[in-house]
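Commentary on secondary and tertiary structure
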There are 4 protein chains.
Amino acid sequence: MIPYERPIRFEDVDAARIVFFARFLNYAHEAMEHFFGGLEGGYGRLIATREIGLPAVEVNVQFLNPVKYPDTLRIETTTARLGNRSATLRYRMYRRSDGEKVAQVKHTVVTTNLLQMRSVEMPDDVRAILSEHIEL
Amino acid sequence: MIPYERPIRFEDVDAARIVFFARFLNYAHEAMEHFFGGLEGGYGRLIATREIGLPAVEVNVQFLNPVKYPDTLRIETTTARLGNRSATLRYRMYRRSDGEKVAQVKHTVVTTNLLQMRSVEMPDDVRAILSEHIEL
Amino acid sequence: MIPYERPIRFEDVDAARIVFFARFLNYAHEAMEHFFGGLEGGYGRLIATREIGLPAVEVNVQFLNPVKYPDTLRIETTTARLGNRSATLRYRMYRRSDGEKVAQVKHTVVTTNLLQMRSVEMPDDVRAILSEHIEL
Amino acid sequence: MIPYERPIRFEDVDAARIVFFARFLNYAHEAMEHFFGGLEGGYGRLIATREIGLPAVEVNVQFLNPVKYPDTLRIETTTARLGNRSATLRYRMYRRSDGEKVAQVKHTVVTTNLLQMRSVEMPDDVRAILSEHIEL
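So, a few notes on the structure that sits alongside this text. In this text the structure is predicted, and so the values were computed from the model without any measurement.

Here the focus is the pattern of salt bridges. If you walk through the whole model with that rule in mind, you get 44 salt bridges over all chains. A salt bridge links Glu135(A) to Arg90(A); the nearest nitrogen and oxygen atoms lie 3.9 Å apart. With Glu135(A) in the segment after α3 (124-132) and Arg90(A) in strand β5 (residues 86-95), this pair connects stretches of sequence that are 45 residues apart. With a shortest N-O distance of 3.3 Å, Glu121(B) and Arg85(B) are connected by a salt bridge. With Glu121(B) in the loop between β8 (118-119) and α3 (124-132) and Arg85(B) in the loop between β4 (72-82) and β5 (86-95), this residue pair connects regions lying 36 residues apart in the sequence. In this structure Arg85(B) comes out as partly exposed when scored by relative accessible area, which is 32%.

By size, the foremost hydrophobic cluster in this structure holds 188 residues, and its most contacted members are Met93(A), Met93(B), Met93(C) and Met93(D). Among all residues touching Met93(A), those that are not within four sequence positions of it are Phe24(A), Tyr27(A), Ala28(A), Leu73(A), Arg74(A), Ile75(A), Glu100(A), Lys101(A), Val102(A), Ala103(A) and Val105(A).

Aromatic ring pairs are defined here through the distance separating the ring centres and the angle between the ring planes. Tallied over the entire structure, the rule returns 36 aromatic pairs over all chains. A centroid spacing of 5.1 Å and a plane angle of 85° characterise the contact between Phe35(A) and Phe36(A), whose relative ring orientation is edge-to-face. With 6.2 Å between their ring centres and 45° between their planes, Phe21(D) and Phe63(D) make a pair best called tilted. Separated by 42 residues along the polypeptide, Phe21(D) in the loop between β1 (2-7) and α1 (23-35) and Phe63(D) in strand β3 (residues 56-63) bring together distant segments of the chain. In terms of burial, Phe21(D) and Phe63(D) fall into one category: buried. Grouping aromatic residues by their ring pairs yields a cluster made of Phe10(A), Tyr69(A), Phe20(C), Phe21(C), Phe24(C), Tyr27(C), Phe63(C), Phe35(D), Phe36(D) and Tyr43(D).

Our focus in this paragraph is the pairing of β5(B). All names here are of chain B. Among the 10 residues that make up β5, 10 are buried, leaving the element largely enclosed by the rest of the structure. Burial along β5 is two-sided: Ser86, Thr88, Arg90, Arg92 and Tyr94 and Ala87, Leu89, Tyr91, Met93 and Arg95, pointing in opposite directions, are all buried. Two elements, β4 and β5, share 9 bridges in a ladder whose sense is antiparallel. When the bridges of β5 are listed, Leu73 appears paired with Arg95.

Across 7 bridges, the pairing between strand β3 (residues 56-63) of chain A and strand β6 (residues 101-110) of chain A is antiparallel. Bridge pairing in β6(A) links Gln62(A) to Gln104(A). Sheet topology places β3(A) next to strand β3 (residues 56-63) of chain B; 5 bridges connect them, and they run antiparallel. If you follow Asn60(A) over to β3(B), its bridge partner there is Asn60(B).

Reading the values: rules and limits
Residues numbered from 1 in each chain as written. Chains lettered and ligands numbered in written order. Predicted model: local features only at pLDDT ≥ 70, side-chain atom pairs only at ≥ 80, totals over all residues. Heavy atoms only, no water. Salt bridge = Lys/Arg side-chain N within 4 Å of Asp/Glu carboxyl O. Helix = DSSP H or I, 4+ residues; strand = E, 2+ residues; numbered from the N terminus. Buried < 20%, exposed > 50% of the residue type's maximum accessible area, 1.4 Å probe, protein only. Core = buried A, V, L, I, M, F, W, Y, C linked by side-chain atoms within 4.5 Å. Contact = heavy atoms within 4.5 Å. Phe/Tyr/Trp six-rings, centres within 6.5 Å; stacked < 30°, edge-to-face > 60°. Pairing = 2+ DSSP bridges.

This is how it looks when you write it as structure tokens:
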């Protein structure tokens, strides 16, 4: 499990005065960029230099509790499933103010050559990080 | 079914040069605002004056094809399930450039008093629109 | 002058319950995409096929009145200055609810080859649209 | 001067493959939230509990160099002008990759009661932080 802390931003809320539901996917993606921070050059170099990305094929979000501004999320990222060219990441999100779980995201990605937009074998360094944090 | 057309914006893409996955929930929400356009004063008045909202409790997105800039989405919104205080909306999203289906979103919401953040009976006018567009 | 109508979205507001100040630049950009709608293939083709863009070099925004959800902006776009390789667009933004002016944006852009990130002569069709809507 | 480091996010870029111009105002606001971190409860409590905010009345951005993903901004925030009920913040933004200055933002705000949306005397603790970082 790799933890990531993320303050709720002033503009993350909506007209119902809670964090807008789509933002949880932005948070999940940030947590994923952080999760792959151990790659040489990080997730950024994977995308920009190696031209390999992890487009989503499926996402599931359970919203358990609303989140307000100000607060900070603690996001715990693990690997829920590891396949050949795909993996499912799991993000458990907690409010720092009271420790309550606020959301859980499952995010299935496929290792993809971004120039051809075709799936590719999962690179070893990507697989290594995913393997290390498997929690079925 | 209520259709909604939504141009992809210049800033909707990400560093992989395709529409960022979280944006599909922004699109879904816009389609929902449009879906409830028949309410007196629209979705906006429901939120801002009647203080009733439709926070998500669960979301499922299947990403079928990448979307690029420029293009336009055609989003077809229907009611997949209608409960007492909750409903599941289904958004089928198609690229206008070639008609391909690009994503399907299922979005379960609960009618909620936004001041108390508690579920309430679904208002009749909200139910009427949901009923009219049921497609199981 | 080319007018553009833009509903305020549910997620455009911030924790102060008014439209977040950065969004006015998103609106300005949308109005610019619309302003150049008369180009063959629109602004999208200019960017994606011709690889010519209009990156900003300066922006000035005056915020005159707050905007809330729900409301709709009417944005009137004109050309405030037309140079060799640059131009300044002016966006006057009004609330539809009461007609009040809410913001004015000045946006100076340079015609740029996006592959080399270097300024280029302004294409004739871009200049034609800018010329047609000059209002000093 | 208060420094703030901000990684460019995967979704911060646009179809021209550089950071979208509006995002610099998001970054500026984050830097401002950080700038006021010394308030008791931070900027968040100012907004949410004390119901005092700092809506913008004017913003000026100079874009000096494009920014790509991945990179990190270093933002240096100072007070450029301190008035009775208003102040102008200045954000100098640099790319970490090469130290180049990429943007400068001037941001004039007014201390405002968010319930009445009327200007109020600047609270002493807000003024103290602004005073400490004046750089004309």
